[in-house]
Amino acid sequence: MLRSFVGKIQKGLSLIVPLETANVVPNDVRKGYFAVLAIKDGETKRFVVDLDYLTDPAFLGLLDQAQEEYGFRQKGTLAVPCRPQEFQKILDGWRT
């Protein structure tokens, strides 16, 4: 079941980058990583996130919220409805 869910998320992520810019990746986004914008209440911060986070329940919850709020047809960097400080706590908590 988790594999199916992650497959859906990966498919959704593939829709984020427009085809004409699919080969243009910012220098700070290495192979195995993707960019995420944490946006909430006028606060915005960009993060570069390891693909391993796609198995983290807190991160997957944010992706569900992003899908509900923005849909999977976002263009460019993935946006999640989360304050940057909260997103950083999710990233820090997963590493421990």
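Residues numbered from 1 in each chain as written. Predicted model: local features only at pLDDT ≥ 70, side-chain atom pairs only at ≥ 80, totals over all residues. Heavy atoms only, no water.

A. Representation of unusual backbone geometry. Positive phi, close to 50 degrees, is recorded for aspartate 41, a residue that is not glycine. With respect to the helices and strands, aspartate 41 occurs in the loop between strand S1 (33–40) and strand S2 (43–50). (Helix = DSSP H or I, 4+ residues; strand = E, 2+ residues; numbered from the N terminus.)

B. Quick peek at helix H2 (residues 57–70). An ideal rise of 1.5 Å per residue puts 20 Å on 14 residues; H2 measures up with 20 Å between its terminal C-alpha atoms. Every buried residue of H2 is accounted for by Phe59, Leu60, Leu62, Leu63 and Ala66. Around the axis of H2, the buried residues are gathered within 155 degrees of arc, so they sit on the same side. Among the exposed residues of H2, those oriented more than 90 degrees off its buried face are Pro57, Glu68 and Glu69. Positive phi appears at glycine 71, one or two residues downstream of H2, with a value of about 80 degrees. (Expected span 1.5 Å × (residues − 1). Buried < 20%, exposed > 50% of the residue type's maximum accessible area, 1.4 Å probe, protein only. Arc of directions from axis to C-beta.)

C. Representation of the pairing of S1. Inspection of the sheet shows S1 paired to S2 by eight bridges, in the antiparallel sense. Note on S2: the bridge partner recorded for lysine 40 is glutamate 43. With antiparallel pairing between neighbouring strands as the criterion, S1 and S2 make up a hairpin whose turn holds two residues, including aspartate 41 at a positive phi of roughly 50 degrees. Note that S1 and strand S3 (residues 78–80) share three bridges and pair parallel. Looking across to S3, one finds that leucine 37 is bridged to alanine 79. (Pairing = 2+ DSSP bridges.)

D. Spatial organisation of the sheet that holds S3. Read across the sheet, three strands follow the order S2-S1-S3 without closing on themselves; strand pairing throughout is mixed. The strands lining the two open edges of the sheet, one partner per strand, are S2 and S3. Averaged over all pairs of adjacent strands, the angle between their axes in this sheet comes to 30 degrees, without regard to strand direction. H2 contacts S1 and S3 of the sheet and is inclined by roughly 100 degrees relative to S3. (Axes fitted to C-alpha atoms, helices over the stretch in contact; angles between N-to-C directions. Contact = heavy atoms within 4.5 Å.)

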